[in-house]
Structures are given as structure tokens and as C-alpha cells.
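# Working through the structure, step by step
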Amino acid sequence: PANLVLARPRNQQTPQRLTQAVQHWLPRPGRKRLAVLLPGELRCLERSQTWLAALKQHADFFICTTAAYAEAAAILRPAGLAVVEQHSDLLAAEADLPAGSMRQWHKLAVCLQLMRQQEASRGRLYRQVLKLRSDYFVLQPQTLLRDLKALAHNPYAGLIGASDKVFAGSRDRMLLLEGFWQSLAGQFLDLEQKRWPINLSPILAGDDSAKWFGFAF
């Protein structure tokens with residue numbers, strides 16, 4: 001927590017001073033059990049590429065992005081890749097969305113579909129799924145795999161994460177978000193001043209990592 005307090009203002013004032021640590025995990029034998037989803041624009045990849053390459057030793061990557069980041073996505077050599085402009089159905093789906101912020105959830109659904117295709121091809125399911133951003137500064141990468149392992153062994157666990165930027169959970173729990181982008185269309189868009197249909201109990205019960213300080217309560 002103390003390091004996080006220092007990292008936030010540094011990120012705002014002098015982000016070039018933040019250097020992403022690289023964790024040299026021991027290679028894991030056998031097939032990979034972790035799926036990493038990277039939906040959206042692959043910003044800051046030149047700074048996070050080395051760390052992502054280390055994580056790739058333990059995970060398969062699935063990316064849904066736009067044409068502007070197609071070359072960047074190829075550098076990561078994902079197990080599944082979809083470029084929106086190259087698929088008429090994906091392009092049409094995003095064109096009809098009532099809010100631009102819904103596009104990230106549509107791309108997340110596409111990443112999950114790519115993951116399903118890979119599972120069918122390899123004949124084995126992933127155990128954990130991590131939604132990540134290439135421009136997210138991971139303060140303690142050495143704890144990531146340990147936290148995911150603890151999550152996998154807790155049958156009552158939900159999700160761990162930092163708002164909607166980075167979050168992870170078991171495969172089955174993460175798949176519940178596959179249709180989230182479609183359900184958003186009828187949920188409190190342009191209704192923020194009238195009502196907030198939000199269950200506050202899990203937010204208040206969680207730690208600061210799951211609380212979004214953009215809520216004007």
C-alpha cells in the first residue's frame with residue numbers, strides 16, 4: 001500500500017520514472033493453465049513488452065484490437081487475435097453501440113470467444129483468466145501467479161482486480177462477463193442523475209483494489 005501511494009502521483013507527474021519490473025518466473029512444465037485477455041488498444045507496449053514476454057511463459061494471450069495496433073499485437077504472438085476492422089460482424093457490432101465505453105466489453109467478449117476456440121483446438125480448458133491492459137503498471141508482478149493460484153484453490157472466491165482495468169478469476173466466473181456488453185445497452189446509460197442500480201455491499205466489503213473512486217458518492 002505504501003508503494004502504491006507513491007506510485008500514483010509519480011505516474012501523474014513523471015511517468016517516465018516508473019520502470020516496469022520483470023519477474024523471472026521459473027518455467028512451468030506442461031500446458032499453460034492461464035489465459036490472458038488483452039482487449040482494446042495496446043498502448044505503452046514498448047514499455048511493457050518485456051514483462052508481458054515473461055508472463056507469456058505461463059499464459060496464452062488472446063487479443064482483440066483495432067487496425068492501428070495490429071502490428072503491435074503480432075509482436076506478442078497471441079494464441080488468438082481478432083482485428084475489428086478485418087471482421088464485418090465485429091465492425092458492425094461496435095458501430096451500433098450506444099456508448100463508446102461499451103467497446104471494451106465487446107472486445108472482452110471476443111477475447112473469450114478466441115479462448116474458447118483455442119480450448120477446443122487443444123482439448124483442454126484453462127483454469128484462470130486474467131484481463132490485462134498493456135499500459136497498466138504492475139507494482140508487484142512477483143505476486144501475480146501466487147494470487148491466481150490462491151484464487152483457484154478457493155471455491156468461494158470471486159474476482160480480484162483493480163476496477164475494470166485489470167481483473168482475474170476462475171474460467172467459469174470470467175465467462176459470466178461474455179454477454180456483459182449486450183446487457184449494458186439497457187442499463188443506466190444517461191440515467192446516472194436519476195438512479196444507480198448498484199449493489200453496494202460487495203463494493204464496501206472489498207478492499208481498495210475493487211473500488212472505483214470515480215463514483216461521486
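One can find the structure itself at the top, above this paragraph.
What comes next concerns the included structure. Given the structure is predicted, the values throughout are model-derived calculations rather than measurements. (Residues numbered from 1 in each chain as written. Predicted model: local features only at pLDDT ≥ 70, side-chain atom pairs only at ≥ 80, totals over all residues. Heavy atoms only, no water.)

A separate point is the overall build of the protein chain. A count of helices and strands for the protein chain gives nine helices and six strands. Within the protein chain, residue pairs in contact and separated by at least 24 positions form 68% of the contacts whose partners lie at least 6 positions apart. On the protein chain, roughly 13,100 Å² of surface is accessible, and the fraction owed to carbon and sulfur atoms is 53%. (Helix = DSSP H or I, 4+ residues; strand = E, 2+ residues; numbered from the N terminus. Contact = heavy atoms within 4.5 Å. Areas by Shrake-Rupley, 256 points an atom, 1.4 Å probe, with all protein chains shown as cover.)

With 27 residues, the main nonpolar core has Leu37, Phe62, Met115 and Val129 as its most contacted residues. Taken together, the elements giving at least two residues each to this core come down to strand S1 (34-39), strand S2 (59-65), helix H4 (88-95), helix H5 (103-122) and helix H7 (171-175). Examining the composition of this core, we find that eight residues originate from one element, H5, more than from any other. (Core = buried A, V, L, I, M, F, W, Y, C linked by side-chain atoms within 4.5 Å. Buried < 20%, exposed > 50% of the residue type's maximum accessible area, 1.4 Å probe, protein only.)

Glancing now at the sheet that holds strand S6 (residues 166-170). Spatially, S3-S2-S1-S4-S6-S5 is the arrangement adopted by the six strands of the open sheet, whose pairing is mixed. The open sheet has two edge strands with one neighbour each: strand S3 (80-83) and strand S5 (160-162). Taking the axes of each pair of neighbouring strands and ignoring which way they run, one obtains an average angle of 15 degrees across the sheet. Relative to strand S4 (residues 128-131), S1 runs parallel, the two sharing four bridges. Along S4, the bridge assignment pairs Ala35 with Val129. Where H5 meets the sheet, its contacts fall on S1, S2, S3, S4 and S6, and the angle it forms with S2 comes to roughly 140 degrees. (Pairing = 2+ DSSP bridges. Axes fitted to C-alpha atoms, helices over the stretch in contact; angles between N-to-C directions.)

Next up on the list: the side chain of Gln20. Relative to the helices and strands, Gln20 is located in the loop between helix H1 (2-13) and S1. Classification of Gln20 by relative accessible area gives buried; the value is 13%. A distance of 2.8 Å separates the side chain of Gln20 from the backbone oxygen of Val138, its partner in a polar contact. Ignoring sequence-local partners within four residues, the contact set of Gln20 consists of Arg47, Trp51, Tyr136, Phe137, Val138 and Pro141. (Polar contact = N/O pair within 3.5 Å; in protein donor to acceptor, adjacent residues only side chain to side chain.)

With that settled, the discussion passes to H5. For H5, built from 20 residues, the straight-helix expectation of 28 Å at 1.5 Å per residue is met to within 8% by its first-to-last C-alpha distance of 29 Å. Positive backbone phi, approximately 75 degrees, marks Gly123, located one or two places after H5. (Expected span 1.5 Å × (residues − 1).)

Here the focus is the packing of aromatic side chains. Taken as a whole and assessed by the stated rule, the structure comprises three aromatic pairs. Ring geometry for Trp105 against Phe167: centres 6.1 Å apart, planes inclined by 25 degrees, an arrangement best described as stacked. Within this pair, whereas Trp105 is found in helix H5, its partner Phe167 is found in strand S6, the two being separated by 62 residues in sequence. The exposure classification of Trp105 matches that of Phe167, with both residues buried. Ring geometry for Trp105 against Phe180: centres 4.8 Å apart, planes inclined by 80 degrees, an arrangement best described as edge-to-face. In this pair, Trp105 is assigned in helix H5 and Phe180 in helix H8 (residues 180-183), connecting sequence segments 75 residues apart. Aromatic rings pair up to connect Trp105, Phe167 and Phe180 into one cluster. (Phe/Tyr/Trp six-rings, centres within 6.5 Å; stacked < 30°, edge-to-face > 60°.)

Taken by themselves, the reported measurements are silent on function.
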